[in-house]
Amino acid sequence: MTRLPTQAAERIDRTRPITFTFDGRPVAALAGDTIASALYAAGRRTFSRSFKYHRPRGLQCCAGQCPNCLVAVDGAPGVRACTEPVREGQRVQHMNAWPGLERDVMAAIDRFGGTFTPPGFYYHTFIRPRRLWPLYEWVLRHAAGLGRLPRVQSERSWRTEYRRRHADVLVVGAGIAGLSAAIAAAELGADVVLAEEGPEPGGRLLYEGGHEQARALAARAREAGVEILCSAPALGHFDGLVAIWQGDTLHQVRARRHIYATGAIEQPLVFAGNDVPGVMLSGAALRLARLYGVRPGGRAVVATTSERGVDAALALRAVGVEVLAVADLRPAPAGEDARLRAAGIEALSGWTVVQARGRTAVTGAVLEPLAGTPGSGSMRLELDCDLVVVSGGESPATSLILQAGGRSGYDPGRGHFGITELPPGVSVAGQVAGHGGAEEAAASGELAGLEAEAEAEADGDPATRRDALRARLDDPALAPPLEAIPPVAADSRRGRAFVCLCEDVTAKDIHRSVEEGYDSIELCKRFTTVMMGPCQGRMCQLSSVRLMARETGQDLEQVGMTTARPPWSTVPLGALAGRPIEPGKRSSMHGRHRELGATVRWAGDWRRAYDYGDPEGEALAVHRAAGLIDVSTLGKLLVRGPDAGEFLDRLYPNRLSNLKPGRIRYGVLTSDAGRIMDDGTIGRIDEQTFYVTTTSSGAGAVEQWFSWWLADWGMDVHLSDLTQALSAVNLAGPRARDILSRLTDADCSAQAFGYLDSRQARVCGVQSLLMRIGFVGELGYEIHFPAAYGEDVWNAILAAGAPEGIRPFGLEPQRILRLEKQHIIVGQDTDSESTPFGAGMPWAVKLDKEENFLGKWALARASEHPPETALVGFALEDGYVPTEGAVVLDAGGTAAGQVTSARRSRTLDRVIGMAWVPAGLASAGTSITIADDGRRVSAEVVTEPFHDPAGELLRS
Amino acid sequence: MSFVLTCPHCGVREVTDFAFGGEVSRRPRGEPTLRELCEYNYFRRNVAGVQREWWYHRSGCRAWFQADRDTRTNEVLRVGLPGELNLEAPQ
Amino acid sequence: MREIFRPGRMWRRRGELRESYDVVIVGGGAHGLATAYHLGQLGVGRVAVLEQGYIGSGAAGRNTTILRSNYKTPEGARFYDASIRMYEGLSAELDFNMLFSQCGHLTLAHSDRAMLVMANRAEVNRLHGIDSRLVDTAEVGRLCPALNVSEDVTYPIIGALYHPPGGIIRHDAVVWGYARGADRAGVEIHPGTEVLGLDVAGGRVTAVRTNRGTISAGQVISATAGWSTLVCAMAGVELPITTHILQACVTEPVKPFLDVVIVSSQMHVYISQSDRGEFVMGSEIEPWTTYRMQGTLNFLQDLTRHTLELFPQLEHARLLRSWAGLCDLSPDYSPILGRTEVENFHVSAGWGTYGFKAAPIVGKTLAELVHSGRTPELIAPFAL
Amino acid sequence: MSLAFLTPDSAGDDVIARSPTERLARAAGARMQVREGWNVAIAYGDGAAERTLLAERAVFIDRSNLLKLELQAHAPVLAKIVAAASGGHALEPGRAVRSGGGEAWWCPVSPTRVLVLGEPEHGARIRTSVADAADAVLGTVTVSDLTCGLTALALAGPGARELLARFCAIDVRPAVMPVGAFRPGSVARTPGYVLRDGAERLLVLVGWALGHYLWTVVADAAEYLGGGPGGADVLIAP
Ligand SMILES: Cc1cc2nc3c(=O)[nH]c(=O)nc-3n(C[C@H](O)[C@H](O)[C@H](O)COP(=O)(O)OP(=O)(O)OC[C@H]3O[C@@H](n4cnc5c(N)ncnc54)[C@H](O)[C@@H]3O)c2cc1C
Ligand SMILES: NC(=O)c1ccc[n+]([C@@H]2O[C@H](COP(=O)([O-])OP(=O)(O)OC[C@H]3O[C@@H](n4cnc5c(N)ncnc54)[C@H](O)[C@@H]3O)[C@@H](O)[C@H]2O)c1
Ligand SMILES: Cc1cc2nc3c(=O)[nH]c(=O)nc-3n(C[C@H](O)[C@H](O)[C@H](O)COP(=O)(O)O)c2cc1C
Ligand SMILES: [Zn+2]
């Protein structure tokens, strides 16, 4: 491994060697290296194979912007080697090549297939014969894709975190501008977060000679209390919420003010062979040399549109790179070529690179004067070199600002799209705002920081300082020098000139796309897939727009940019997902159910006991002796106040205001469209107080519904949601009374406590609300009591009932039991279209009530015609249990209804169910045909409860 | 989470704290015609502009309130409890 | 073969607007362009498609491209089945490969209730000759080995509705294929042409005002999806529709391992792997109405959390881009298709999150309606 | 009292009140003791480790046994009650006030709804005084005992805020949310409340049936940050 002598700004620790493997072979690195810097130091030039043509690709940006160094690290694909720090023992692998990076069989596409695979070739091929398309598709499919993920994996293995952070000011980008902004705001007392995607604050200062300043500024910022997040790209601006990804953590920052100091992205030039390994941006070459002590090449040619390339040439020269020539695209010598000449470097004003030679590494460069420059057409220079350094202008990193609602426009002076309009609460500083020089960037940062805290601070110094800064930034002398706008040297005879390295889109492809009619930037993007790869246009948007402008004869502003969308940098799904814990409600008895062997399943947002292993037996126990079921999941609402009765009369289609204290009534809840929303019982506790129960899954919606109408009607009613505050059990079966009597002092006799009565009493010593309700069709008591006692009361009742043979029963046996009674379950036997009439509950609707209750008008209309379909019970003799959801056929054999419930009842010794059937088939005794999984079965309609049709047991 | 809403009781919260209740419409006072009933039940103005709408602070104070929000930008111009925004409903 | 290497122009360059057209279609999405194509096939006179942005800039260019026909209601099943059958022949018909991948479609059930609904769908589908059946967890595992079918997860999979003809397609290709077909039949396509008003006189539509001038029109069709309320309101037609955003996202492309479309409504996830190797994922609509096509962080968070429960191996797949599109939701999730109370003004709306799959049949039937003046039976149930 | 069935005041010998997190606490090594009719996790091990965590990082402590009364009344009526109970304090949104002896926090959910939180040992007294206050005003007052409606965890220690930030979006920076500030809002993706009841203390409440869930979320985050569960006694200064 060869390194340059110690560099002042270097990030590596030469005393700490680290070893990792690349494609299985060990690579020696130093602490502080990135994977790419270590590999480069070790002599590697090819880092990846391109998406489509499998061309060798080398380092281009060294800043995590381009797709050229995507590798897989410890199995995770898509990692940017140029920013990923090395770790001991890390397994790094190349991605898109077989058998290896050096020899990739698919590279044949590049040699031979190129002309056969223009953009979108697949749209025009493989159309006929149709039956071969799946085969072609398989081939296409398997050629696509870069990385490889495990085919199967049983659970997440990466722990990721969310962190919420509120701040006064969020600064994105810790270059000189961002640091200055953060310091200014924090020193005024603001709570500031500063996010930087690089591993260290400093931005360009770090490798452009300002590392000491960078480190001093960072220290000052920390001192002022700024929270600096490094290796932390801000991914998106979501209406003021900014997501920042840092390793295992996704920070979600909501700040009062946002300062974007995201700098600018150095742009490549488009010329033949501009993708050959060894062609790199000036920033990349400098980073390699200065941050990692790696010499980017031996003999270099530089092409630039600004001073940036000139600086780079001199800097490279200083680290021992022989710089053969600097092709400066600016027409007139900017006077700076003197600097180059002094260093013995040839300066070629008005020239550009038209071709980089070489296949797997640069071997030479061809330079020519630009069209319109003296010598163009006749002069050319061919130089042998191993490095072509380009600097094709800078494109402000505006993505997040645009996401925040800012606008951009083409700035002809600078040759790029800059910010023209800012949304409220957002400011910009530094190069992204057009303040490119270090001092200017610092000044604009400081100003943004001061402004961010303007409201907070007392007047005086900062205000004066702000004015001074504004004056300085407005100085016309600071107007940027005109930069040359690089023409496109896309002479296809010399080879492919790439616009987009992610997707292997060439200048010629853009030309073709326009020719074919995809003549807007958006259509061109979608057709050629330019800008749709991992870089999302950072390296290719500007070139694409320029090419489009040329091809369509529009100016760049008219061509415009494509939409800025999150994420700013690609991010593993795991980092977005956070912790995988989902809220699940559990009743207080949950632990006991498990110990009793219950199968637990979801029911709405609750975890519920489905059964205890023997659903039919559990149901039988309820018929023969007693059973106990946990019904804590029922929604429970307290409706209280002088208007409570009227409120309920307006909500329910039946009358509730005349209910007597201590009595209970069933009610269905309908929408104004007359559809069933929910059902439950309403008990009156006293004159002003009602206790309403809802279905388990409907509880939230009903509470929301009640409070909505309460808000709208403004009645004197209080609502209190008691769903979770109370545990509830249903003790049911012929022996329920005996068992209960032993647990309470209350008189449980049929005379004192009849069907649909409610009472308050202590049960097992606990104050409870008791309700005689019979969903399961036997004598039964619902007992509601404070949730903290759930477990102990449950145990006590089971213990007390042991002599009678009480059994706990779950949801499944309850379904059998209620089906025997033809009690409906809203949401299973009804859907969003069902009305009480269709569901066979006309008695639950009192159209003669004078209140305009919810659903009244629609129900009144519905009542005028008999429903087209009706919910009925049915029975089957041959033991077959139809699938719930099976179709009921009409006489003509077409689908006209549906089975909603079906179970085998051991008590009745037959299969029973409920189904929606056409009105003509709804009368008792009619035979209906059910189509189920290809078979036809007939069943008989039964319109009264199968069990205890007269309800004697219920009332006993 | 994207835009925030200011609950009249609790202050600023992420929109995911709230349930959306749709645009504020008027329930017919007396017996509506079939067309009126349909319009009330199903038809919405669905404006591209400022809309007065219902929100429920589901995760917080559990109050329903109204907001005037621009559906083109999601900017919330004002919020209030029912009856507080008694200015003419926005056009 | 020549065509591949020198394909020539897809459509003519946008020309000037004429003063009048027989039919003006507002909206250059899949529905508008399919209708234009079929009008062209029927030889209907001068037809123009007016599109405010670029063709396919609406939901057609933003959708997750899932095609299926296993709908619950008989009329829906019939209708979508006809559309899928058209899709099957569309690449050949338009001589443009739309990369229709009939890889199959699995709707996962995590609850009894979902199983019930799916059993019903399967049965209704079967009665209409649509290949659709209920499968158990083990078979789900066989059909999609990459899927985590373990019981030890938050929402275990208890079964699925399997629909072999379902699949995904290259959405832009559908738009472009129809646009080319329409263009070749003489239809004019006008991108960058925003409709600002509709003139109605004597109960019938007469003219269309645009940012490029007013044109008179014999018949006008609104195929403006998320913008339907606004365009229909220009003619005084009210709709039972609200507009919401639906979001989607893609990952960086990886080598293929998911060969079937997976949908879990309970977890609000649908996911497929495209021919480019990227995972295309979507979720449910945002509950609030909006016309602003900007996404939310919450979407990305919930979607990825749920997706990783189904596919833990995607934890290191990288999110590449996310976006939002508009959806025109009707209260009963059923479209609104055909005539309106304004004469000669027709509409295709209410497509919510599922209208892409309907584009071919909508195009065909709407064109028939315009051409013949009679509402085709297939779409009669969807009248306003 | 017509709503007596809401009040946990068991008279049964074998029936004690249990927190929804009891089993998790036991599994984490809690020592339990019955106090005021509640089975309380008083300490983990000898309590030394949790005291260190409290001083240096963060502990979370089950406080589900806190008394929680919900009062509803018209705003002026409610204001009167609060003023009487708190020695003249007005009900300001987002600010809880302490009642007379400092034994209860009166937390405004809205102008028409307050949540009163108190230590279990003062439970009877607070209940009586609230009932008296309700009786003393004109207008309907509804007092619902939500002691078992909400589970509560106290987050304490210098890392309390950072711990909360892992699962809750509410801004609890001291400048924004000083001691006594009270916020209804989403906690761990479910409806909840946060009260800052001390400089380095945050009390988090969510629905009772989500106690198990909340504990799981908090324990998971705490473990990552180097914190852990603490017993009720850790909050009592040694
Ligand atoms: C994220 C997302 C995922 C989806 N996933 C699926 C899926 O998997 N499967 C499926 O079948 N469906 C899906 N859909 C729904 C489907 O995309 C739409 O229902 C369907 O595309 C709508 O028809 P369209 O293509 O004609 O609409 P659009 O493409 O929206 O066309 C309407 C056009 O009208 C234009 N327009 C509007 N107003 C005017 C005006 N005033 N003047 C001129 N032009 C105007 C718009 O610019 C737009 O181009 C999804 C939708 C979204 C947003
Ligand atoms: N040498 C010269 O003569 C010369 C000329 C022009 C400019 N400059 C330099 O240009 C710099 C301009 O300063 P600046 O601060 O505007 O730019 P900068 O490029 O130094 O800093 C921008 C920073 O933002 C970070 N960033 C961008 N997007 C991000 C995101 N989404 N999330 C997190 N971090 C993100 C980048 O990693 C970078 O570190 C100065 O350092 C100046 O010295 C120098
Ligand atoms: C099925 C599908 C696949 C897509 N794949 C990509 C992709 O690979 N890369 C990309 O940048 N965008 C992809 N997009 C998103 C588009 O770039 C773009 O975001 C979307 O069409 C919405 O347009 P807008 O972002 O310009 O508003 C895809 C879109 C769809 C509908
Ligand atoms: Zn609130």
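Calculation notes
All residue numbers refer to positions counted from 1 along the written sequence of the respective chain. Chain letters and ligand numbers both follow the written order, the letters beginning at A and the numbers at 1. Side-chain atom pairs in this predicted model are given and counted only at pLDDT of 80 or more, local residue features only at pLDDT of at least 70, and totals for whole chains, interfaces and linings cover all residues. As a rule here, side-chain values come from all non-hydrogen atoms in the structure, and water together with hydrogens is ignored. Contacts between residues were defined by any pair of non-hydrogen atoms, one from each residue, lying within 4.5 Å. Buried area is understood as the total, over both parts, of accessible area removed when two parts are fitted together, assessed with a 1.4 Å probe. Salt bridges are defined by distance alone: a side-chain nitrogen of Lys or Arg within 4 Å of a carboxyl oxygen of Asp or Glu. Throughout this description, a polar contact denotes any pair of N or O atoms lying within 3.5 Å of each other; where both atoms belong to protein, one of them has to be capable of donating a hydrogen while the other can accept it, and for residues adjacent in sequence the pair is counted only when both atoms sit in side chains. Helix and strand definitions follow DSSP, with helices as H or I runs of at least four residues and strands as E runs of at least two, each counted in order from the N terminus. Summary of the burial criterion: residues with accessible area below 20% of their type's maximum are buried, those above 50% are exposed, and those between are partly exposed, where the area comes from a 1.4 Å probe applied to protein chains only. Each metal site is built from N, O and S donor atoms within 2.8 Å (3.2 Å for Na, K and Ca), and since water is not included, such sites may look incomplete. Note on geometry labels: four donors, all angles 85 to 135 degrees, give tetrahedral; four donors become square planar and six octahedral when opposite donors are over 155 degrees apart and every other angle is between 65 and 115; remaining cases are irregular. Axis lines are fitted to C-alpha atoms, over the contacting stretch for helices. Their N-to-C directions set the angle, which ranges from 0 to 180 degrees. Angular relationships are summarised with four words: roughly parallel below 35 degrees, roughly antiparallel beyond 145, roughly perpendicular across 65 to 115, and oblique for the angles in between. By definition, any crossing whose near helix is turned counterclockwise from its far helix by less than a right angle is left-handed, and any crossing with a clockwise turn is right-handed. In these notes, a set of buried Ala, Val, Leu, Ile, Met, Phe, Trp, Tyr and Cys residues joined through side-chain atoms within 4.5 Å is what counts as a nonpolar core. Proximity is defined per residue: if any heavy atom of the residue lies within 4 Å of a molecule or strand, that residue is considered near it. Methods summary: accessible areas were calculated by the Shrake-Rupley approach with a probe of 1.4 Å, and residue burial reflects only the protein chains presented. Residue classes follow a fixed rule: Ala, Val, Leu, Ile, Met, Phe, Trp, Tyr, Cys and Pro count as nonpolar, while Asp, Glu, Lys and Arg count as charged, and any other residue, Gly among them, counts as polar. Working rule for helices: expected span equals 1.5 Å times residues minus one. The criterion for strand pairing is that DSSP finds at least two bridges linking the strands in question.

Engineer: Would you mind going over the interface of chain D and chain A with me for this structure?
Structural biologist: Often the size quoted for an interface is simply the accessible area lost on bringing the parts together. Between chain D and chain A, the residue contacts involve 52 residues of the former and 59 residues of the latter. Each partner contributes to the roughly 4,500 Å² buried at the junction of chain D and chain A, and carbon and sulfur atoms together form 52% of this total. There are eleven salt bridges connecting chain D and chain A. The salt bridge involving D:Asp220 is made with A:Arg159; its shortest N-O contact spans 3.1 Å. Applying the counting criterion to the chain D and chain A interface returns 35 residue pairs in polar contact (both at pLDDT 80 or more). Secondary-structure elements contributing two or more residues to the side of chain D that touches chain A are strand 1 (17–18), strand 5 (67–72), strand 9 (142–145) and helix 6 (211–225) of chain D. In terms of residue count, helix 6 of chain D provides more of the side of chain D that touches chain A than any other element does, seven residues in total.

Engineer: Can you help me understand the side chain of D:Glu70 in this one?
Structural biologist: For D:Glu70, the location among the structural elements is in strand 5. Classification of D:Glu70 as buried rests on a relative accessible area of 6%. A polar contact is formed between the side chain of D:Glu70 and the side chain of A:Ser720, at a distance of 2.6 Å. Apart from the residues lying within four places of it in its own chain, the contact partners of D:Glu70 are A:Ser720, D:Arg113, D:Val114, D:Leu115, D:Thr142, D:Val143, D:Ser144 and D:Leu146.

Engineer: Sorry, what's going on with the coordination of the zinc ion (ligand 4) here?
Structural biologist: Six octahedral donors around a metal ideally subtend angles of 90 or 180 degrees, whereas four tetrahedral donors ideally subtend 109.5 degrees. All names here are of chain B. Taken together, the protein ligands of the zinc ion (ligand 4) are Cys7 (SG), Cys10 (SG), His57 (ND1) and Cys61 (SG), with distances of 1.9 to 2.4 Å. Classification of the site at the zinc ion (ligand 4) as tetrahedral follows from its four donor atoms and the range of 102 to 122° in their angles at the metal. Mapped onto the polypeptide sequence, the residues donating to the zinc ion (ligand 4) form the spacing pattern C-x2-C-x46-H-x3-C. A residue pair is termed long-range when its members are at least 10 positions apart, and Cys7 in strand 1 (residues 4–7) and Cys61 in the loop between strand 4 (50–56) and strand 5 (64–70) qualify at 54 residues. Summarising the burial analysis for this pair, Cys7 and Cys61 share the class buried.

Engineer: Would you explain the packing of helix 19 (residues 615–624) of chain A against helix 24 (residues 811–820) of chain A in this entry?
Structural biologist: A packed helix pair is summarised by two numbers, namely the angle formed by the two axes and the spacing between the axes. Residue and element names in this part refer to chain A. Where helix 19 contacts helix 24, the axes come no closer than 8 Å and their chain directions differ by 55°. By the angle between their directions, the pair helix 19 and helix 24 is classed as oblique. When the axes of helix 19 and helix 24 are compared, the crossing they make is right-handed. Between helix 19 and helix 24, the contacting residues are Pro615, Glu616, Glu618, Ala619, Val622 and His623 on the first element and Glu812, Pro813, Ile816, Leu817 and Glu820 on the second.

Engineer: For this particular structure, what's the right way to read the environment of A:Asp909?
Structural biologist: All names here are of chain A. Position of Asp909 among the secondary structure elements: in the loop between strand 46 (895–905) and strand 47 (910–918). Take Asp909: its relative accessible area is 67%, and that puts it in the exposed class. Each C-alpha atom of the pair Asp909 and Asp792 lies 36 Å from the other, and the pair is 117 residues apart in sequence.

Engineer: Please explain the nonpolar core as it appears in this structure.
Structural biologist: One recurring pattern in soluble globular proteins: nonpolar side chains tend to sit buried together. Residues and elements named next belong to chain A. Among the nonpolar cores identified, the biggest contains 155 residues, and Phe20, Val192, Ile244, Leu367, Val388 and Val530 are the most heavily contacted of them. With eight residues, helix 5 (residues 176–187) is the largest single contributor of residues to this core. Setting aside chain neighbours within four positions, we find Phe20 in contact with Arg25, Pro26, Val27, Ala29, Ile35, Ala38, Leu39, Val86, Arg87, Gly89, Gln90 and Val92.

Engineer: I'm lost on the site of ligand 2 in this one. Help?
Structural biologist: All names here are of chain A. In the neighbourhood of ligand 2, 27 residues make up the surrounding shell, with Glu196, Arg204, Ala234, Gln431 and Gly436 lying closest. Within the backbone of Ile176, an N or O atom sits 3.3 Å from an oxygen atom of ligand 2. In isolation ligand 2 has 830 Å² of accessible area, and contact with the protein removes 83% of it. Contributing elements (two or more residues each) for the shell around ligand 2: helix 5 and helix 11 (438–452). The residue inventory of the shell around ligand 2, partitioned by class, reads 14 nonpolar, eight polar and five charged.

Engineer: Could you clarify how one ought to interpret the interface of chain C and chain A in this entry?
Structural biologist: The partner chain A presents 106 residues to the 86 residues of chain C that form the contact. Both faces considered, chain C and chain A share a buried interface measuring about 8,600 Å² in area, 53% of it formed by carbon and sulfur atoms. Taken together, chain C and chain A are joined by ten salt bridges. The residue C:Arg126 makes a salt bridge to A:Asp933 at a minimum N-O spacing of 3.2 Å. There are 55 residue pairs in polar contact (both at pLDDT 80 or more) connecting chain C and chain A. Contributions of two or more residues to the side of chain C that touches chain A are made by helix 1 (2–5), helix 3 (74–94), helix 4 (112–127), helix 6 (171–184), helix 8 (297–310) and strand 16 (318–329) of chain C.

Engineer: Would you mind going over the pattern of salt bridges with me for this structure?
Structural biologist: Between side chains of opposite charge, a pair can form as their charged atoms come close. Residues and elements named next belong to chain B. Per the counting criterion, the structure on display carries 113 salt bridges over all chains. Here Arg72 and Asp70 are joined by a salt bridge, their closest N and O atoms 2.9 Å apart. In this structure Asp70 comes out as buried when scored by relative accessible area, which is 10%.

Engineer: Where do I start with helix 23 (residues 790–801) of chain A in this structure?
Structural biologist: Along an α-helix, residues three or four apart share an orientation, since each turn contains 3.6 residues. Residue and element names in this part refer to chain A. Its twelve residues give helix 23 an end-to-end C-alpha distance of 17 Å, which sits within 8% of 16 Å, the value for a rise of 1.5 Å per residue. With nine of its twelve residues buried, helix 23 lies for the most part within the structure. All buried positions along helix 23 are accounted for by Gly790, Glu791, Asp792, Val793, Trp794, Ile797, Leu798, Ala800 and Gly801.

Engineer: Would you explain the sheet that holds strand 13 (residues 201–207) of chain D in this entry?
Structural biologist: Sheet strands associate in pairs through backbone hydrogen bonding, adopting either a parallel or an antiparallel arrangement. Residues and elements named next belong to chain D. In spatial order, the strands read 11-12-13-10-4-14; together these six strands make up an open sheet with mixed pairing. A strand with exactly one partner marks an edge of an open sheet, and here the two such strands are strand 11 (182–187) and strand 14 (228–230). Direction aside, neighbouring strands of the sheet carry axes that sit 30° apart on average. Two elements, strand 10 (residues 150–156) and strand 13, share seven bridges in a ladder whose sense is antiparallel. Across the sheet, residue Leu155 finds its bridge partner in strand 13, namely Leu202.

Engineer: How do you make sense of the site of ligand 1 when you look at a structure like this?
Structural biologist: Residue and element names in this part refer to chain C. The local shell around ligand 1 holds 36 residues, among which Glu51, Ala59, Ala60, Val195 and Lys357 are the closest. Backbone polar atom of Gly58 to an oxygen atom of ligand 1: 3.4 Å apart, as the coordinates give it. Within the backbone of Ile66, one N or O atom sits 2.9 Å away from an oxygen atom of ligand 1. Those elements that provide at least two residues to the shell around ligand 1 are helix 2 (30–41) and strand 16. When its residues are assigned to classes, the shell around ligand 1 shows 16 nonpolar, 16 polar and four charged.

Engineer: Sorry if this is basic, but what is going on with the sheet that holds strand 49 (residues 935–942) of chain A here?
Structural biologist: Residues and elements named next belong to chain A. Around the barrel, six strands lie side by side as 44-47-46-45-48-49; this closed barrel has antiparallel pairing. Across the sheet, the mean angle separating the axes of adjacent strands is 45° when strand polarity is ignored. As defined by bridge partners, strand 46 adjoins strand 47 across seven bridges and the pair is classed as antiparallel. Looking across to strand 47, one finds that Arg903 is bridged to Ile912.

Everything listed here is a matter of geometry and, on its own, says nothing about what the molecule does.
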